[in-house]
Amino acid sequence: MCIENKCKISIIVPVYNAEKYLGRCLDTLLNQTLTDIEIICVNDGSGDKSCDILEEYAKKDYRIKVINQENSGVAVARNNALNVAVGEFIGFVDADDWVTLNFYENLYNIAIQNDADIAVSNVFKYSSETKIETLLNFNEVKLYEQTSEKLEIAQVPKFNYIWNKIYRRTKLLENNITFPISNMFEDAVFTLKTITLLEKMATVPQGIYYYFDNENSLTKASKNLRKDLLISCKEVRTFIEKYNLSWKFMNLYPYYQKDIVKILSIPLLIIKRNFVLDKVYLLGFIKIAEIRHIKRY
């Protein structure tokens, strides 16, 4: 039970037109074996019945807190929830995903036992086509302190997941870590900052986060993917250079920009860019050059 505006974990759930899956998500959170939690749901201007569902659940369980905002995107929703969260740790769940019922108890206990600022657990991807696919699966409790080791074990940037982890809230505040204001790829910035700036990270083999590969998700429906990707990549690069992360690590990031030179509407040159290398293609498929960026460190 939350006492005196304090609890063990604040779970933040941004909600946008999620009426089809929202009940499943909230049921797994309300039935967690760790009961000393608050669930902050941010309704991001949904046009379906999501708001009604949230209000119905909130009436039944005081641990659910509902914030309504005009449609502003997932980053704003999460930041608004962070501003009111009181938990010792912060967790994130997307409204179409779900977790095992012991998920947060296992993460919290391992974090406390190891004095860790981050606890990270397993991720399975679920889709109607492939059913279950294992993305991350830890076999033992282990503590990591070196930034390079933490990034490697969490498989960043391949998996920029924020929701299979909990984060010590005081450390987020001390390091002023929030989400950049873009609708997509904001998790890449948040994950990189937390794993680098927060100190100890513990792996947790018990408990699974189920990521639902939703074909109608905001990411796949967005018309501003390029703009949002460039916003996040700019912040990622600035952070990487500020904290002197390795050139090899920068090369792991995918090609975030594609420039096309056309003549009479025919693509003559296509340039794919990432932090380390530009690749130039003639007619879109014949590679004619590679331009390596100058190392800054």
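Residues numbered from 1 in each chain as written. Predicted model: local features only at pLDDT ≥ 70, side-chain atom pairs only at ≥ 80, totals over all residues. Heavy atoms only, no water.

## A look at the overall build of the protein
So, step 1. For the protein, the helix and strand inventory stands at ten helices and 14 strands.
So, step 2. The burial tally for the protein puts 52% of its 297 residues in the buried class. (Helix = DSSP H or I, 4+ residues; strand = E, 2+ residues; numbered from the N terminus. Buried < 20%, exposed > 50% of the residue type's maximum accessible area, 1.4 Å probe, protein only.)

## With respect to the packing of aromatic side chains
So, step 1. By the definition in use, this model includes 19 aromatic pairs.
So, step 2. Ring plane angle 20° and centroid distance 4.4 Å describe the contact between Tyr-161 and Trp-163, whose orientation is recorded as stacked. Comparing Tyr-161 with Trp-163, the two get one shared label, buried.
So, step 3. Take Trp-163: its relative accessible area is 7%, and that puts it in the buried class. (Phe/Tyr/Trp six-rings, centres within 6.5 Å; stacked < 30°, edge-to-face > 60°.)

## Some details on the pairing of strand E1 (residues 7-15)
So, step 1. Within E1, eight of the nine residues are buried, which leaves the element mostly enclosed by the surrounding structure.
So, step 2. Where E1 meets strand E4 (residues 87-92), five bridges bridge the pair, whose relative direction is parallel. Its bridge partner lying in E4, Ile-9 is registered against Phe-89.
So, step 3. The pairing of E1 with strand E2 (residues 37-44) spans seven bridges and is parallel. By the bridge assignment, Ile-11 is partnered in E2 with Ile-39.
So, step 4. In this fold, the crossover linking E1 to E2 by way of helix H1 (residues 22-30) has right-handed handedness. (Pairing = 2+ DSSP bridges. Right-handed = clockwise from strand over helix to strand, strands pointing away.)

## Points about the confidence of the model for the protein
So, step 1. When pLDDT is averaged along the protein, the result is 87; 85% of the residues meet or exceed 70.
So, step 2. Segment residues 218-222: pLDDT under 50, and nine contacts once partners within four positions in sequence are set aside and those in other chains are kept. (pLDDT = per-residue confidence, 0-100. Contact = heavy atoms within 4.5 Å.)

## Comments concerning the environment of Gln-32
So, step 1. Inspection of the secondary structure assignment puts Gln-32 in the loop between H1 and E2.
So, step 2. A relative accessible area of 3% places Gln-32 in the buried class.
So, step 3. In this structure, the C-alpha to C-alpha distance between Gln-32 and Asn-102, residues 70 residues apart in sequence, is 5.9 Å.
So, step 4. Ignoring anything within four residues of it in the chain, the contact list for Gln-32 reads Ile-37, Val-99, Thr-100, Leu-101, Asn-102, Phe-103 and Tyr-104.

## Regarding the pattern of salt bridges
Side chains that carry opposite charge are capable of pairing whenever their charged atoms lie near each other.
So, step 1. On inspection of all chains with the given rule, the structure shows ten salt bridges.
So, step 2. Taking the shortest distance from any N to any O, the salt bridge between Lys-60 and Glu-56 comes out at 3.5 Å. Of this pair, Lys-60 and Glu-56 both sit in helix H2 (residues 50-60), four residues apart, which is roughly one turn of the helix.
So, step 3. Take Glu-56: its relative accessible area is 43%, and that puts it in the partly exposed class.
So, step 4. One salt bridge connects Asp-117 with Arg-168, and the closest N-O pair in it is separated by 2.9 Å. (Salt bridge = Lys/Arg side-chain N within 4 Å of Asp/Glu carboxyl O.)

## Regarding the side chain of Thr-28
So, step 1. Tracing the backbone through its elements, the reader meets Thr-28 in helix H1.
So, step 2. Since its relative accessible area comes to 11%, Thr-28 is described here as buried.
So, step 3. At 2.8 Å, the side chain of Thr-28 forms a polar contact with the backbone oxygen of Cys-25.
So, step 4. Ignoring anything within four residues of it in the chain, the contact list for Thr-28 reads Trp-98, Val-99 and Leu-101. (Polar contact = N/O pair within 3.5 Å; in protein donor to acceptor, adjacent residues only side chain to side chain.)

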